[in-house]
Amino acid sequence: MRRILLVGAGHAHLAVLRSLAKEALYGARVTLVTPLARQIYSGMLPGVVAGHYGLQESQIDIEALCGRAYVEFAAGRVDALDLQARRASLDDGSKLDYDAVSLNPGSVVESSLPGAERTLAVKPIDEFLAAIDGKRLVRVAIIGAGAAGAELAMALAYRGAAVTLYSDRPTLPGVAGERIALALRRGRVDFRPGMSVSAVEEGPTIIAGPSRQEFDIVIRATGSAAPAWIASSGLMVDGLGFAMVHDTLQSVSHPEVFISGDCATMRDAPHPRSGVYAVRHGESLAVNFRSLVSGKPLEPYLPQARALVLLSCGGRYAIAQRGGWTAEGAWAWRWKDWIDRRWLSSLRG
Ligand SMILES: Cc1cc2nc3c(=O)[nH]c(=O)nc-3n(C[C@H](O)[C@H](O)[C@H](O)COP(=O)(O)OP(=O)(O)OC[C@H]3O[C@@H](n4cnc5c(N)ncnc54)[C@H](O)[C@@H]3O)c2cc1C
């Protein structure tokens, strides 16, 4: 094993880099390719929008972390893999060869809605922030009331915008659904459950059933989709285009390809897509890359049965959920703040 290529600085690869910074990996040349040398941490994005965090505070210096981990940093975006030749192609036309490649490019926002090009997707996060930075947003619509849509709705309302949140579901799912609906109401978000958006027209104007409403900006938080190049490269994928992996996070079709984070589906133990699971993927990858280089057998990753979810509600207030347990309060926001800051400080020198 001479060359390991890491694609994307997702949560999983950040955990790998953190491990390599603690204890270098000898015996392989490791390269990370990702578009940005510095990126905003997604867990803090609602807090940045609400004004609780500055950009610097919520940024990860990936290039510096690579330096500490003895990993070569390459700025770029992979748009194809040649699985036969073991070569990744970047969008600037350059190529990177590998013996093993690990993919952690996250997910993209689902974009099948007619008029999606008139909306602003919540991902890539840095592009989202750049698009709203410094703008006085008065009338904001958000399509999709998952955790990201609900958190951003409350953050933007906290910042003074009149926010309308559309959801095609009649209620918010999950055991914390009722708490989130109440928090939206308290935060003066105009929450419209069961109102499916059929198109976004010029304006931007939202068409939902018989109603038409114009906004300053329409934000798309319509759920996760797989990056198209994963399936088009020839890796085995599930029905939605996410790469199918074994419990070692190796592709079920190509063992020299590892996939982690949002864009992987574990064939035998499917679990939710979230940053919490992605970090655990990374901890498992770090162990397995060391085994790979020293010729030892790889260890399986065992997903945790339940993960803690902390959803911020605009102000310094959050809803907590783990399994069937839910609670809320200012203490929950402080808990989230502590966890997020601890994660970022673990990635800093
Ligand atoms: C507003 C918001 C708030 C969230 N809050 C939470 C939370 O509090 N807790 C939680 O658990 N989850 C949260 N999530 C979900 C969480 O962000 C995702 O589940 C998580 O980011 C997935 O991590 P990942 O490791 O798959 O990749 P990501 O963290 O999404 O990172 C992907 C990386 O790959 C890079 N990349 C993308 N495409 C390419 C390419 N073609 N070539 C090279 N590099 C590429 C990107 O630049 C980035 O560095 C939130 C999501 C949003 C949108």
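One can find the structure itself at the top, above this paragraph.
The following refers to the structure shown. Only a predicted model underlies this, so the values are computations on that prediction, with no experimental measurement involved.

Reading the values: the criteria
- Residue numbers restart at each chain and count upward from 1, following the sequence in its written direction.
- It should be noted that, the model being predicted, local features are given only for residues of pLDDT at least 70 and side-chain atom pairs only at 80 or more, the latter also being counted only at that level, while totals for whole chains, interfaces and linings use all residues.
- Hydrogen atoms and water are omitted, and side-chain values are computed over all heavy atoms in the structure.
- Think of it this way: a Phe, Tyr or Trp ring, Trp meaning its six-membered ring, pairs with another when their centres are within 6.5 Å, and the plane angle makes it stacked under 30 degrees, edge-to-face over 60, tilted otherwise.
- Helix numbering and strand numbering both begin at the N terminus, where a helix is a DSSP run of H or I of at least 4 residues and a strand a DSSP run of E of at least 2.
- We call a residue buried when its accessible area falls under 20% of the maximum for its residue type, exposed when it is over 50%, and partly exposed in between, using a 1.4 Å probe and counting protein chains only.
- The rule is short: NZ of Lys or CZ of Arg within 6 Å of the ring centre and within 35 degrees of the ring normal puts a charge over the ring.
- Only protein atoms enter the 1 Å grid used here. Points where a 1.4 Å probe fits but cannot escape make up a cavity, open sets with protein on both sides within 12 Å along at least five of seven lines make up a pocket, and a residue lines them when an atom lies within 4 Å of a point.
- Grid points are joined across faces, edges and corners, and a volume is the space filled by probe spheres set on the points.
- When residues are sorted by character, Ala, Val, Leu, Ile, Met, Phe, Trp, Tyr, Cys and Pro go into the nonpolar class, Asp, Glu, Lys and Arg into the charged class, and all the rest, Gly among them, into the polar class.
- Note that the domain bounds reflect an automated or database-derived domain assignment.
- The disulfide criterion is simple: two cysteine sulfur atoms within 2.5 Å.
- To obtain the arc, one takes the directions from the helix axis to the C-beta atoms.
- Whether two residues are in contact is decided by their heavy atoms, any of which lying within 4.5 Å being enough.
- Near is defined per residue: the residue qualifies when any heavy atom it owns lies within 4 Å of the molecule or strand.
- Pairs of N or O atoms are called polar contacts if they sit within 3.5 Å, as long as, within protein, a hydrogen donor faces a hydrogen acceptor (for residues adjacent in sequence, only side-chain-to-side-chain pairs).

## What about the packing of aromatic side chains?
Both the distance between ring centres and the angle between the ring planes are used here to describe each pair of aromatic rings.
So, step 1. Under the criterion given, the structure shown has four aromatic pairs.
So, step 2. Here Y53 and W333 contribute two aromatic rings whose centre-to-centre distance is 6.2 Å and whose plane-to-plane angle is 15°, an arrangement assigned as stacked. With Y53 in the loop between helix 2 (45–50) and strand 4 (59–61) and W333 in helix 9 (residues 330–347), this pair connects stretches of sequence that are 280 residues apart. The two residues Y53 and W333 agree in class, both being buried.
So, step 3. Consider the rings of F258 and F289, whose centres lie 5.4 Å apart with planes at 85°: the pair is edge-to-face. On the criterion of sequence distance, the pair formed by F258 in strand 21 (residues 257–259) and F289 in helix 8 (residues 275–294) is long-range, its members being 31 residues apart.
So, step 4. Looking at F258, the relative accessible area reads 1%, which means it is buried.
So, step 5. One residue, R273, lies across the ring of F242, its end atom 3.7 Å from the ring centre.

## Comments concerning the layout of surface pockets
So, step 1. Quantified by volume, the second largest pocket comes out at close to 180 Å³.
So, step 2. Around the second largest pocket, the lining residues are I40, V48, V49, L55, Q59, D126, L129, A130, I132, D133 and R159.
So, step 3. Among the elements of the structure, helix 2 and helix 4 (125–132) are those that each provide at least two residues to the lining of the second largest pocket.
So, step 4. In terms of residue count, helix 4 provides more of the lining of the second largest pocket than any other element does, four residues in total.
So, step 5. Taken together, the residues of the lining of the second largest pocket sort by class into seven nonpolar, one polar and three charged.
So, step 6. Both of domain 1 (3–107 + 226–294) and domain 2 (109–223) provide at least three residues apiece to the lining of the second largest pocket.

## Considering the state of the cysteines
So, step 1. Evaluation of the coordinates by the stated rule reveals zero disulfides.
So, step 2. Free cysteine: C263, not disulfide-bonded; nearest cysteine sulfur from C66 at 18 Å.
So, step 3. The buried category is assigned to C263, whose relative accessible area is 0%.

## Brief notes about helix 6 (residues 177–186)
So, step 1. Those residues of helix 6 that sit buried are G177, I180, A181, A183 and L184. Down the axis of helix 6, the smallest arc covering the buried residues is 160°, so these residues share one side. Of the exposed residues in helix 6, the ones pointing more than 90 degrees away from its buried face are E178 and R185.
So, step 2. Against the buried residues of helix 6 lie helix 5 (147–158), strand 13 (162–166), strand 14 (190–192), strand 23 (309–312) and strand 24 (318–322).

## Considerations on the site of the ligand
So, step 1. Looking at the ligand, there are 31 residues lining it, with Q39, S42, V78, N104 and D262 nearest.
So, step 2. With respect to the ligand, the backbone of V78 contributes an N or O atom lying 2.8 Å from a nitrogen atom.
So, step 3. Per element, the largest residue contribution to the shell around the ligand is three residues, and it comes from helix 8.
So, step 4. Grouping the constituent residues of the shell around the ligand by class yields 12 nonpolar, 13 polar and six charged.
So, step 5. Looking at which domains feed residues into the shell around the ligand, each of domain 1 (3–107 + 226–294) and domain 2 (109–223) supplies at least three.

## Some details on the side chain of S89
So, step 1. Along the chain, the position of S89 falls in strand 7 (residues 87–90).
So, step 2. Polar side-chain contacts of S89 include one of 3.3 Å to the side chain of K95.
So, step 3. Beyond its immediate sequence surroundings of up to four residues, S89 is in contact with R77, V78, D79, A80, S94 and K95.

## Description of empty space enclosed by the protein
So, step 1. Inspection of the entire model under this criterion finds two cavities of 30 Å³ or more.
So, step 2. Of the pockets and cavities examined, the largest cavity occupies roughly 50 Å³.
So, step 3. Residue lining of the largest cavity: G43, M44, P46, G47, Y53, S312, W333, K336, D337 and D340, and that is the complete set.
So, step 4. Residue assignment for the lining of the largest cavity shows that the elements contributing at least two residues are helix 2 and helix 9.
So, step 5. Ranked by residue count, the leading element in the lining of the largest cavity is helix 9, at four residues.
So, step 6. Here the residues of the lining of the largest cavity sort into four nonpolar, three polar and three charged.
So, step 7. Roughly 30 Å³ of volume is contained in the second largest cavity.
So, step 8. Considering the residues around the second largest cavity, the lining is formed by P46, G47, A50, H52, A155, S312, G314, G315 and W333.
So, step 9. With three residues, the top contributor of residues to the lining of the second largest cavity is helix 2.
So, step 10. Looking at the lining of the second largest cavity residue by residue, the class counts come to four nonpolar, five polar and no charged.

## Notes on the environment of A37
So, step 1. Examined against the element boundaries, A37 turns out to sit in the loop between strand 2 (29–34) and strand 3 (38–40).
So, step 2. Assessed through its relative accessible area of 24%, A37 is described here as partly exposed.
So, step 3. For the pair A37 and V309, spaced 272 residues apart in sequence, the C-alpha separation works out to 28 Å.
So, step 4. What A37 contacts, discounting residues up to four positions off in sequence, is I60, D61, I62, E63 and F73.

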